[in-house]
Structures are given as structure tokens and as C-alpha cells.
Amino acid sequence: MEKESLLPLLALLTPLLGSFLILIFGENRRNLREGTTLAASSLTLLWTFLMLKALKAGYIPQKYLFELFPDLMFSFRADPLGMVFLLLSTSLWLIISIYSIGYMRSLKEHAQTRFFFCFSLAMFGAIGVALSDNLVSLFLFYEILTVSTFPLVAHEESLEALRAGRKYLVYLLSGASLGLFGIIYLWGHYRNVSFVAGGFVGEVKDWVLIFVFLMTFLGFGTKAALMPIHEWLPSAMIAPTPVSALLHAVAVVKAGVFTCLRVLYFVFEAKSFPTEFSLGLSLFVSFTVIGANLLAIREDNLKRRLAFSTINNLAIILLGALMLSKEALKGAILHIPFHGFMKITLFMCAGSIYVKSKKERVSELDGIGYSMPFTMGAFTISALGLCGIPPLCGFLSKWYLCLGTLEASKNWFLLIWLTSSFLDAVYFLPIVYRAFFRGKKDPKIKEAPFSMTIPLIVTALGSVTFGLFPNFLFHLLELVKMVISSVWGV
Amino acid sequence: MNEQLPALVVIIPLLFSFLIYVMGFIERRMPYFLLLLSSALSTLFSWKLLIKVIKEGPLSYHIGGWEPPWGIEYRVDHLNGIVAFVVSLVAFLVILSFKERIEREVEPPRWSQLCALFSLQLCGLLGMTYTGDVFNLYVLLEIASFSAYSMVAIGKRGAEFSAFRYLIFGTIGACCYLLGVGHLYILTGSLNMADIVTLLKNLPDSSALRVGLCLLVIGIGIKMAFFPLHIWLPDAYSHAPSTVSAFLAPLSTKVAGYVLLRILFGIFNPSFPSEKVLLEALGWMSLAGAFFFSFMAIIQRELRRAFCYLLLSEISLLGMGVASGTLEGLRGAILHLINDIFMIGCLFTSLCAFIHQFEKEDLRYLEGLGILSPWVSLGFLMGGLSVIGIPPLCGFFSKWYLILGTIEGEKWHLLIGILVSSLINAILIFKVVEKIYLKHPHSVSLKNLPFAFLVSLLIFSVSLLVLGALASTIVKKVIDPWILTLGGF
């Protein structure tokens, strides 16, 4: 049941207002500026929890603003699927804000005001994507997210960074135009773009409609870094680590995945696709699952290796959704927050290592575990989690994914899941091995400041807790069950 | 006085242009303020008219009390009501910004001449929108054109030659239009648009009619710099004084675009057999233009030339909307016309401010502008993002309808044209954004930004957002009522 509420609007306006306050305070009042970031992120988290409470009480907070086009409202709704993405991005935003203040100040980075302004604006975009009630509102925020991340990617202002920024724009803007074509086609033919569980398109038989779906899926799949349109993501790793951590492991790429899920289950009815088509699409996505992991093994730069692992995990989520079974979809949606928590930990560790030792390559990490035991401890936990070792949360989502594969009797795909997890281990464990079992302690390297170490310990503990108690604090499992029951009509 | 509003909107700038010139001899600074006043009055009156039209429906004004088919009729409906308001508002905003710029750019004796020409130009443009008489339109078109030629010629280095070329092309365009009017007059015996519409219904399709329509479209095509009739524009606008290009770029081609809409949909309509072919050809030409201009825009070294090509590619988008020949495409074309006046106004006013501060036009000098001059950078950013259609700025909304129109009409080549040319334009815009925000400033001497520029740029930037939010209202209150009055939709 829907209920008119101001909460979605508040959750949106807080980061927007925050970003402008950041701009006003500027470099001369940096403590106030950072205070604004923290205040905005904690307030947004508060609104999110209030919405979660409302959702648990049985009604969906909703807000209509005005008409974008005749009969097409600019409207927001915190439904369970959106809530999962919202909880993930707002909670990690608070954590990463603390971390980024430590990171940016330790490195004495330039243009910090621009950084925090764009960061806050990007969060505005991500939250908008999560809360949007229809494809057009979603597209609006999707583009804001794209544009506001560009200065963050090119933050370093070196030629390489500028190139990465340009590449990022070329990929994402082209993808967005494909997506826009799909959206407008749907609006032209159905005069409806609102998200409905089970989709408004109905049964898909027509090949023109499949073409439109494919364009939309690939268009938004650009942000989810599907191969072969993934190249922007490893290049974007030149950005400061907090950006890679929150935006390129969580907010931006997950916005892509999230939009694809919306398209699959809330615009189209994925179950009604012709079997050969959905099988072909699954194979296409499986190619990314395996290919990204193979590329990750070869990569020596730590952040780029993590980026390939992100590509792999995003494809896992999409593949799970394409299995077209309840359990697999459950696993896929659960993997969104779980992967977010684990991957952000890994990125924060990479950032801490860089701040303290200026080391960026895996081959230089011998013995770093002795110098930075907490950081590398957190790294180990998350890496194991991504490999799918119980009792960490990565195991839980992969368990559901495998169950779902069997449920859909697509047994061959089990091989994909298992190979992918095996390859995860192949490129993560050598890092752990180097850190703890090779080389000597370097007395010059110490743990990073508290503002950087505590956030990564918190997220690492989070990934353990979610593995043991998936309903802890965020009620993730309950939310996911609500999504499943709405989509499958149970 | 309310009955006289249609005449007042046009007559005020005309009378002021004489007054401005005369007052210039008495007090040098007076002309600018008179110019500002005249545009403000036009804005105010055209706003009143627009409101009246929305409330009470189209109204007709007979110049000198002569009854329509014989006398000149000013017919204000929803479409020209809003176009005239937007034109005079943007003219006011541009004029508001450039007082200091005129005083630096042009020698004192020419101040009053330039201001008088601006006022005359405004009179021509507003007259072209309100008039309901095809021959009167020709007269006002020439008033606007001749003031434009002379304004361009005031610029430095090569402006005379560009102005002369502009004059040659412009005159050919005007002649074509006049010949087309001649054809219509011979066939129907009338010059009044509403009258022609009724007379055309009973007229069999003939080659004379087709040639007449083609001549009208070619004539207006030259004025609105439609591909491949555009060659005068980049030179003329980039050699003109910066204030003149800031004034002409958003307005003059768009008003010609409005006239095209009026001819193709108001007088004729897409159910004419000859017009179908014409629209098809227009579509392919716009497509070629969109690609060509977007490509030309990204290879320019001078910012002003790059923006001129950007302006041309925007006009091609308008052409695509017209050529799709569908309801949504027409909605898109009209909305795009309105939005584009603001977007191009925003970009060229920023450009004018930039030139005022740096006295340079090379793209290189944009580097570090974000630190040196945040407000001008904001203007570039907002105008640019809007042009490439980033939501929630207004450009997105018109592109939405344009794309919807091409899908509805199943004109897939136009669809690809709109999407791809926007992406190519994005290269230019992000090149500019990258230079502004991600590069370090050169050590150049920099003059202060006059307060008036700041105000005008701020209003422009905000209006791009507001227009986005108002898009649905504009479509429902203004565009749809107009389209309803047309046959064939």
C-alpha cells in the first residue's frame, strides 16, 4: 500500500543541499565543508531508516512532484528493491565520507571542494535512481550521476586522468542514448513507463520489442560494465580511492545493475522472453563473468585488479537475474549490498596502502600485512568473502544463486558460478599470501590514521555480520523476499 | 490600450530606434537605456498578450482599421504569442548584460547607431512573429535583415566582407521568399495567411503551387541557415561584434524557424502531396546538416565559431522535428525552438562575457576559467549541458519529443541523426567543460566581470532549469492548443 510521504523528497534534497553548502563553504572553511558532508550523509541515512521503518510497517512511502511530460509524473517511491540499493548507498556514503576526509587530507589533494561537491551530487543522483518510480525519473538521475562523476574520474588532472574521464563519458553517454531510445520507444507505444512488478509490457513475442529491450539493457548495461563495453571501468581507477570505492564499486555501477534489474522485472517480464533469447543473453553475460576474472589474474595494479573483480560481480548479479528463478533472483539482489560491502572494504584497504606506502602494485605488497595488520586483516576477510567462503556474506548470495540455477534446471550454469569463485581465489589469495607470508616487516610503513582504518574495519565486520545474520539492521533478506513475492506474485 | 497591444509590441522598438538615434546626439549614454526600456516594454506587452491568448484564444488586430483580406492583420495565436514573448525576453536579457561590452567594443560615435539597429532588429523579429500577412512578413524580414547586415559590418577584421556576403545571401533568400509570395498571390489572390489557408483548400495541386512552396522554404531556409544554405552564418556571426552575435545568434535564426513552421504547418499542411516530398527532403538535409555541423563544431579552434556550428546543428534538429511530420515531432520542434532561444542565448552571453574579460576567443584561454571566472563558467556549463540534452535541463525535454516524433513517424534515419549528433556535440561541450574545470589557468590579465553580466547569466542558467520543469505546462497550455487548430493532426 502506498502512502504519500515527504521522506523520499528529504532523502533526495539533503545531498543536493549539502553539495551546494560544500561549494559555499569552500577551501577556506574546510572543517565546515567536511562537517556538511558528514551531516548530509548521516541525515540521508536517517531518512533512509525512517523509510525502512515505514516499509516494515506495511506501506510504501511515495511522493509525486510535478508532471515531466503530459501524463508522466516526476515521482518517487521507496519500494523494496529501491530500498536495498538505497540502504547500500546511503550507509556506505556515511562510512566513505569519514574515510575520504582522512584520505584527501593525508594526501593533501588539490581541488577538494570540487571533489566533495561532485561526490555529494553523485550521491544525489544515486539516491534518485534508487527512489525513482518510473523510467524517466530514473533516467534523469542516471544522467546526473554520469555527469557529476566525470570530474571525479579526471580529478588528478593529468593527461592519463583526463583520458580516462573522456573514455568514461564516451562510453556512458553513448550507453545512455541507447537507453533513452528504449525508454522513448516504450513511452511511444505504451504511454506508460512506471515500474510495475511483472512489467507493463506484457508478453514479449515480437522481435522488434526484443530489439528495444536489448538496446535498453545494453545501454544501461554500459554502466554495469558488461563486456565488451567495460573498458571505462578499469581506466576510471585513476580516480582517488574513495571515488573508486563508493562510486565505481557501489553507487555508479550498481545504479547500472539496478536499472537493468528494473528493466528486466519491472518494465519487461523477463520470464516471458523466448527461451532461446534469454539463454543467449545468459551466455553473453556468462562470458563477462569468466572473462573479467581471467583478465583480473593478469592485472598487477591492485585497483585495476579490483575493478575487474567488480566487473565479474556485476555480471554475476545480472546472470543471477537472468536465471529466471526465485532463488537466483534472491541471490542476485542480495549480492548487490553484499558485494558492495566487501568490495568497498577492499578498495579502502588499497587506498590506505597507497596513502601510507605509495604502493599500487600487487607485486610490491610483500610483507605489508605485518606493517598494517588491521588493514590487511580486513582485506583478507573481504577477499575470502568474495571467493564465497562461509560464513561470510559472499557465500550466502552465491548459495542462493546456485540454488536458483538448479531450480531453473539450468545445471550447466553451476559450472560458471563455481569456475568464477575458483578464479576469484586465484587472484585474491596471492595478495593475502604476499602480505602475510612473504617479505619482512617494513618499519617505515604504519597503519593509516583512524579515520581511514575504522571505516574499513566496520565494513569488513559488516560483511561477516550479514553472512551470519542477513536480516541484521537493514532487514535485507526480508526486503528481498518482498521483492520476490511482488515479482512472482506469491 | 489592451486592444492595441499587438501593434504596441512591434511599434515600440520601431519608434524607439529613431528616438535612440536622435537622443544619441544629446547624451551618449542615453541610447543604451532607451534600448533596454524598449525591450522591457516589448517583453511586458508580449507577456500580457500571451496570457490573454491562453485565456481567451487567438486574437486578431487590424492595422489602421482595414478589414483583413485587404488590410494587414496581426494575428496573435498560441504559437507566435509564446515565440514573441521568448524572443523579447531573451533580447531583454542579452541587452541587460552588455552595456559595458558595447562601450568597450565600439567607438563612442557608433553607440547610438548600434543601439538603434538593435531596436530595429527587435522590431523586425517581433513583427515577423505577429504578422498574419505574408507580404508584411517580407517587409519585416527585410527590416530585420538589413539591420543585421549593418550590425555585423560594425565588427573588426573581415567583418565588412562577411557582412557583404551575408547581404548577398540574405537578399537571395528574401527574393526567393518574395517570389514564393508572388506565386501564392497569383494562385489565390490573397496575401492574408488565414485567407490563403481557406482558399488553398479548393485549389488543385499544381506545379505553380509546388514551386511557390519550394521558393518560400528555400528563402526562409537561407535566413534560418539551413544546411546547405548556411555558409554565410559562421563568418558573419564570428566577425560581428560580440554583442551583436550574442543578440543575433539566439534570435534571428529561430524567428526564421518559426516562420518555417508557420508556412509548413500554418499555411500549408503535411497532407499536401507536394509537402510530403518536401518534408522528406528536409529530413535528409537536416540529417546531413546535423552530422556536418556537429563535426565542424568540434574541430574549430575559436570558441565563437564552434558555437556558431553548434547553433547550426541545433537548427538541424529543429528541421528533423519538422521533417518527422508527426504530432510529437511538431511538439518537439516548437518546444525546441523555445528552449533553444534560451540555450543559445545562455551560451552566447557567456561567450560575450568571456570575450569581455579576456579579449580572446581561442579555446585555449578557457583553461582554468572555473577558478578565474566562476559565473561565466556556470553559463557555459549550463548552456552546454542543456544543448546536449542532459536532464533535468530543458534541452532534454525538447529532445524527448523530437525522438518520440521520429519513432512515431518511423523515420529511423532521423532518430539516429538526433542521437548521434547530440553525442558529437557532447564532445565539444565536454572539451569546453574539461578546459574550464580541469585545467590550470594561464597567467593572463583578466578584467572584472560587470555585475550586469552576472545577473543576466544567472537568470539564463536558472531559466534553463525552470523551462525544464515547465516543459509539460508549455506543451499543454500553448503548443497543443495551437496544434489543435491545424488540419491534419
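Please read all numbers here as calculations on a predicted model, not as lab measurements.

## Some words on the overall build of chain A
- Counting its regular elements, chain A contains 18 helices and three strands.
- The dimensions of chain A, computed from C-alpha atoms along their principal axes, are 65 × 55 × 45 Å.
- For chain A, the proportion of its 490 residues judged to be buried stands at 60%.
- Residue pairs at least 24 apart in sequence account for 80% of intrachain contacts in chain A once pairs closer than 6 positions are excluded.

## Points about the overall build of chain B
- Secondary structure summary: chain B contains 19 helices and two strands in total.
- Dimensions along the principal axes, computed over C-alpha positions, put chain B at roughly 70 × 55 × 45 Å.
- Of all 489 residues assigned to chain B, the portion counted as buried reaches 60%.
- Excluding contacts between residues fewer than 6 apart, the proportion of contacts in chain B whose partners are at least 24 apart in sequence is 81%.

## Observations concerning the environment of Cys175 of chain B
- Tracing the chain through its elements places Cys175 of chain B in helix 7 (residues 159-188).
- For Cys175 of chain B and Gly219 of chain B, which are 44 residues apart along the polypeptide, the C-alpha to C-alpha distance reads 7.1 Å.

## Thoughts on the packing of helix 9 (residues 241-267) of chain A against helix 11 (residues 302-322) of chain A
All names here are of chain A.
- Packing of helix 9 against helix 11 leaves a shortest axis separation of 10 Å and a crossing angle of 20 degrees. Looking at the two axes, helix 9 sits roughly parallel to helix 11. Between helix 9 and helix 11 the crossing geometry is right-handed. Along its contact with helix 9, which presents Ser244, His248, Ala249, Val253, Val257, Cys260, Leu261 and Leu264, the element helix 11 presents Lys303, Ala307, Thr310, Leu314, Ile317, Leu318 and Ala321.
- Here the contact of helix 9 with helix 11 is composed, by residue class, of 11 nonpolar, three polar and one charged.

## Description of the confidence of the model for chain B
- For chain B, the average pLDDT comes to 91, and 99% of its residues sit at 70 or higher.
- Scoring the predicted complex yields pTM 0.93 and, for the interface, ipTM 0.91.

## Comments concerning the environment of Ile484 of chain A
All names here are of chain A.
- With respect to the helices, strands and loops of the structure, Ile484 is situated in helix 18 (residues 476-488).
- Residues Ile484 and Ser325, 159 residues apart in the sequence, show an inter-C-alpha distance of 9.6 Å.
- Those residues in contact with Ile484 that sit more than four places away from it in its chain are Lys326, Leu329 and Lys330.

## Thoughts on helix 14 (residues 373-387) of chain A
Residue and element names in this part refer to chain A.
- If you check helix 14, its first and last C-alpha atoms are 21 Å apart, about what 15 residues at 1.5 Å a residue would give, namely 21 Å.
- Among the 15 residues that make up helix 14, 11 are buried, leaving the element largely enclosed by the rest of the structure.
- Buried within helix 14 are the following residues: Thr375, Met376, Ala378, Phe379, Ile381, Ser382, Ala383, Leu384, Gly385, Leu386 and Cys387.
- Packed against the buried residues of helix 14 are helix 11, helix 12 (326-357), helix 13 (368-371), helix 15 (393-407), helix 16 (412-437) and helix 17 (450-468).
- Positive phi shows up at Gly388, right after helix 14, with a value of about 90 degrees.

## Regarding the nonpolar core
- Of all hydrophobic cores here, the largest spans 370 residues; its most connected members are Val84 and Leu318 of chain A together with Val87 of chain B.
- Those residues in contact with Val87 of chain B that sit more than four places away from it in its chain are Leu125, Leu126, Thr129, Leu251, Val255 and Ile341 of chain B.

## What to know about the pairing of strand 2 (residues 73-76) of chain B
All names here are of chain B.
- With burial as the criterion, each face of strand 2 is covered, one bearing Glu73 and Arg75 and the other bearing Tyr74 and Val76.
- As defined by bridge partners, strand 1 (residues 59-62) adjoins strand 2 across four bridges and the pair is classed as antiparallel. Each bridged residue has a counterpart across the sheet, and for Ser60 the counterpart in strand 2 is Arg75.

## A short note on the sheet that holds strand 2 (residues 60-69) of chain A
All names here are of chain A.
- If you walk across this open sheet you meet the three strands as 1-2-3, and the pairing is mixed. Edge positions in the sheet fall to strand 1 (2-4) and strand 3 (72-77), since each has one partner strand and no second. The sheet shows a mean angle of 45 degrees between the axes of neighbouring strands, taken without regard to direction.
- Across five bridges, the pairing between strand 2 and strand 3 is antiparallel. Each bridged residue has a counterpart across the sheet, and for Tyr64 the counterpart in strand 3 is Ser75.
- In this fold helix 1 (residues 7-25) packs onto strand 2 and strand 3, with an angle of close to 70 degrees to the strand it touches most, strand 2.

## Topic: the packing of helix 1 of chain A against helix 2 (residues 30-56) of chain A
Residue and element names in this part refer to chain A.
- Close contact between helix 1 and helix 2 brings their axes to 9 Å; oriented N to C, the two are set at 180 degrees. In terms of their interaxial angle, helix 1 and helix 2 are classed as roughly antiparallel. Here helix 1 contributes Leu7, Leu10, Ala11, Thr14, Pro15, Gly18, Leu21, Ile22 and Phe25 to the contact with helix 2, which in turn contributes Leu32, Arg33, Thr36, Thr37, Ala40, Leu43, Thr44, Trp47, Thr48, Leu50 and Met51.
- A breakdown of the residues in the contact of helix 1 with helix 2 according to their chemical character gives 13 nonpolar, six polar and one charged.

## A look at the environment of Leu396 of chain A
All names here are of chain A.
- By the secondary structure assignment, Leu396 is in helix 15.
- What makes Leu396 buried here is the crowd of 24 C-beta atoms within 10 Å.
- In sequence terms Leu396 and Phe85 are 311 residues apart; their C-alpha atoms lie 18 Å from each other.
- If we skip the residues at most four places from it in the chain, Leu396 touches Leu334, Phe338, Gly467 and Pro470.

## Here's the deal with the interface of chain B and chain A
- Contacts between the two partners involve 21 residues from chain B, matched on the other side by 22 residues from chain A.
- Mapped onto the side of chain B that touches chain A, the elements with two or more residues apiece are helix 17 (394-408), helix 18 (412-438) and helix 19 (451-484) of chain B.
- Top element by residues in the side of chain B that touches chain A is helix 18 of chain B. It accounts for eight residues.
- Looking at the side of chain B that touches chain A residue by residue, the class counts come to 16 nonpolar, two polar and three charged.

## Brief notes about unusual backbone geometry
- Here the bond from Met227 of chain A into Pro228 of chain A is cis, since omega is 0 degrees, no more than 30 degrees from zero.
- Checked against the element boundaries, Pro228 of chain A lands in the loop between helix 7 (207-221) and helix 8 (232-235).
- In this structure, Pro228 of chain B follows Phe227 of chain B across a cis peptide bond, with omega equal to 0 degrees.
- In this structure, Pro228 of chain B sits in the loop between helix 9 (207-223) and helix 10 (232-239).
- For Asp71 of chain A, which is not glycine, the phi torsion reads 65 degrees and is therefore positive.
- Structurally, the position occupied by Asp71 of chain A is in the loop between strand 2 and strand 3.
- For Asp71 of chain A, a count of 11 C-beta atoms within 10 Å translates into the label exposed.

Cut-offs and rules
- Residues numbered from 1 in each chain as written.
- Chains lettered and ligands numbered in written order.
- Predicted model: local features only at pLDDT ≥ 70, side-chain atom pairs only at ≥ 80, totals over all residues.
- Helix = DSSP H or I, 4+ residues; strand = E, 2+ residues; numbered from the N terminus.
- Buried ≥ 20, exposed ≤ 12 C-beta atoms within 10 Å, placed from the backbone.
- Contact = placed C-beta atoms within 7 Å.
- Axes fitted to C-alpha atoms, helices over the stretch in contact; angles between N-to-C directions.
- Parallel < 35°, antiparallel > 145°, perpendicular 65-115°, else oblique.
- Left-handed = near helix turned anticlockwise from the far one by under 90°.
- Nonpolar A, V, L, I, M, F, W, Y, C, P; charged D, E, K, R; others polar.
- pLDDT = per-residue confidence, 0-100.
- Expected span 1.5 Å × (residues − 1).
- Core = buried A, V, L, I, M, F, W, Y, C linked by C-beta atoms within 7 Å.
- Pairing = 2+ DSSP bridges.

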